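Structural overview
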Amino acid sequence: MRLLLVEDNRELADWLSKTLRQASYVVDVVHDGEDVEHALAAGDHALIILDLALPRMGGMEVLKRLRARGNPVPVIVLTANASLDGRVKGLNEGADDYLAKPFQIEELEARIRVQLRRANDRTAPVIACGDLVFDTNTRLFSLAGATLSLTPREHAVLEQLVVKAGRTVSKAALSAAIYDFETDADPSAIEIYVHRLRKKLEGSQVQIATLRGLGYLLRHDDPAP
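The notes below deal with the structure included here. In this text the structure is predicted, and so the values were computed from the model without any measurement.

1. Quick notes on the overall build of the chain
The secondary structure content of the chain amounts to 8 helices and 12 strands. What you see for the chain is a C-alpha radius of gyration of 18 Å, in line with the 17 Å of a compact globule of 225 residues. With respect to the three principal axes, the spread of C-alpha positions in the chain is 60 × 30 × 30 Å. For the chain, the proportion of its 225 residues judged to be buried stands at 47%. In the chain, of all internal contacts separated by at least 6 residues, the share reaching a separation of at least 24 is 57%. In the chain, which carries 28 positive and 32 negative side-chain charges, the distance between the mean positions of the two groups comes to 3 Å.

2. Details of the pairing of strand β2 (residues 26–30)
Of all the 5 residues making up β2, 4 are buried; the element is thus mostly covered by neighbouring parts of the structure. Pairing analysis gives 5 bridges linking strand β1 (residues 2–6) to β2, with the strands arranged parallel. Counted as the bridge partner of L4 is D28 from β2. Considered for its hand, the β-α-β crossover made up of β1, helix α1 (residues 10–22) and β2 is right-handed.

3. Quick look at the packing of helix α6 (residues 152–163) against helix α8 (residues 189–201)
Between α6 and α8, whose axes approach to 10 Å, the crossing angle comes to 85 degrees. By the angle class used here, α6 and α8 are roughly perpendicular. From α6, R153, E154, V157 and L158 reach across to α8, where they touch I190, Y193, V194, R196, L197 and K200. By residue class, the composition of the contact of α6 with α8 is 6 nonpolar, no polar and 4 charged.

4. Examining the sheet that holds strand β3 (residues 47–51)
Strand order in the open sheet formed by 5 strands is β2-β1-β3-β4-β5, with parallel pairing between adjacent strands. Taken across any chain shown, the strands that pair with only one partner, and hence form the sheet edges, are β2 and β5 (97–100). Strand-to-strand twist in this sheet, taken as the mean axis angle between neighbours without regard to direction, amounts to 20 degrees. In terms of strand pairing, strand β4 (residues 75–79) meets β5 through 4 bridges, oriented parallel. Note that in β5 the partner of V77 across the bridge is Y98.

5. Observations concerning helix α3 (residues 59–68)
Looking only at α3, the buried set comprises G59, M60, V62, L63 and L66. The buried residues of α3 occupy an angular sector of 155 degrees when the element is viewed end-on, so they sit on one face. In this fold, the buried residues of α3 make contact with α2 (35–42), β3, β4, α4 (84–93) and β5. Looking one or two residues past α3, G70 carries a phi angle of roughly 80 degrees, positive in sign.

6. Focus: the packing of aromatic side chains
Here the distance between the centres and the angle between the planes together describe a pair of aromatic rings. Summed over all chains, the structure comprises 1 aromatic pair. Ring centres of F134 and F141 lie 4.4 Å apart, and the angle between their planes is 25 degrees; on these two criteria the pair is classed as stacked. Geometry around Y25 places R139 over its ring, the cationic atom sitting 3.9 Å from the centre.

7. Quick look at the environment of I76
Within the secondary structure layout, I76 lies in strand β4. Given the relative accessible area of 0%, I76 is considered buried. As a C-alpha pair, I76 and I48 span 28 residues in sequence and 6.3 Å in three-dimensional space. With sequence-adjacent residues up to four places away left out, I76 is seen in contact with L47, I48, I49, L50, D97, L108, R111, I112 and Q115.

8. Quick notes on the pattern of salt bridges
What the rule picks out here adds up to 15 salt bridges. Here R69 ties to E37 by a salt bridge, and the two come within 3.3 Å at their closest N and O atoms. Of this pair, R69 sits in the loop between α3 and β4 while E37 sits in helix α2; the two residues are 32 residues apart in sequence, bridging distant segments of the chain. E37 gets classed as partly exposed once you look at its relative accessible area, which sits at 37%. Ionic pairing is found between K171 and E191, a salt bridge with its closest N-O pair at 2.5 Å. On the criterion of sequence distance, the pair formed by K171 in helix α7 (residues 171–178) and E191 in helix α8 is long-range, its members being 20 residues apart. Residue E191 is classed as partly exposed on the basis of its relative accessible area, which comes to 43%. Put simply, D32, E34, D35 and R56 are held in one network by salt bridges that share partners.

The rules behind each value
Residues numbered from 1 in each chain as written. Predicted model: local features only at pLDDT ≥ 70, side-chain atom pairs only at ≥ 80, totals over all residues. Heavy atoms only, no water. Helix = DSSP H or I, 4+ residues; strand = E, 2+ residues; numbered from the N terminus. Rg over C-alpha atoms; globule rule 2.2 N^0.38 Å. Buried < 20%, exposed > 50% of the residue type's maximum accessible area, 1.4 Å probe, protein only. Contact = heavy atoms within 4.5 Å. Lys, Arg positive; Asp, Glu negative; His and termini not counted. Charge placed at Lys NZ, Arg CZ, Asp CG, Glu CD. Pairing = 2+ DSSP bridges. Right-handed = clockwise from strand over helix to strand, strands pointing away. Axes fitted to C-alpha atoms, helices over the stretch in contact; angles between N-to-C directions. Parallel < 35°, antiparallel > 145°, perpendicular 65-115°, else oblique. Nonpolar A, V, L, I, M, F, W, Y, C, P; charged D, E, K, R; others polar. Arc of directions from axis to C-beta. Phe/Tyr/Trp six-rings, centres within 6.5 Å; stacked < 30°, edge-to-face > 60°. Lys NZ or Arg CZ within 6 Å of the ring centre and 35° of its normal. Salt bridge = Lys/Arg side-chain N within 4 Å of Asp/Glu carboxyl O.

Any functional reading would require information that these geometric values do not contain.
Right, here's the structure in full:
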């Protein structure tokens, strides 16, 4: 999943982005409010982590403009001033969750998982497709009960496919979801990652089907009686 972190404290932003990347998220970082619109136009973000005290355009204004455009992306607000009035105002403007600074990274990650599940109409933390299982809490895949070893890019592609299992995901959508701003996106590389994933899924109940001109679809075969 690709996240957008909007935080003007560069030391905090560097630490947060590094920690979230270690948890297998793709993370883009901007440091002021005016850059948010450009960032959203350049990538397909599943969630925004938004500080309120931003230069050039405050986080509350960013949130108002985001919702005024009808963008439903989940937003978790980070703030050093989590007063009741401030939380109520932010929630009324369209924030999905609030987290007061300082915070524990474990709590932020848990709140991210909750918002991503809600955004994908899921309540359970485990997603299963045949004998392929993705635990959103541990961020690990298992196949037939054994942990599936994946590179970060393979993980990002398979996560997109399993979250949307049974639905077609275009190559462009996969590319937009797995590459951050610092990486030169190469849509043709998606074919390589899919090829590697197919090798790792061989002999399982799960297949990645290619729908020419449309994209890829993760599907599973029912076990033989």
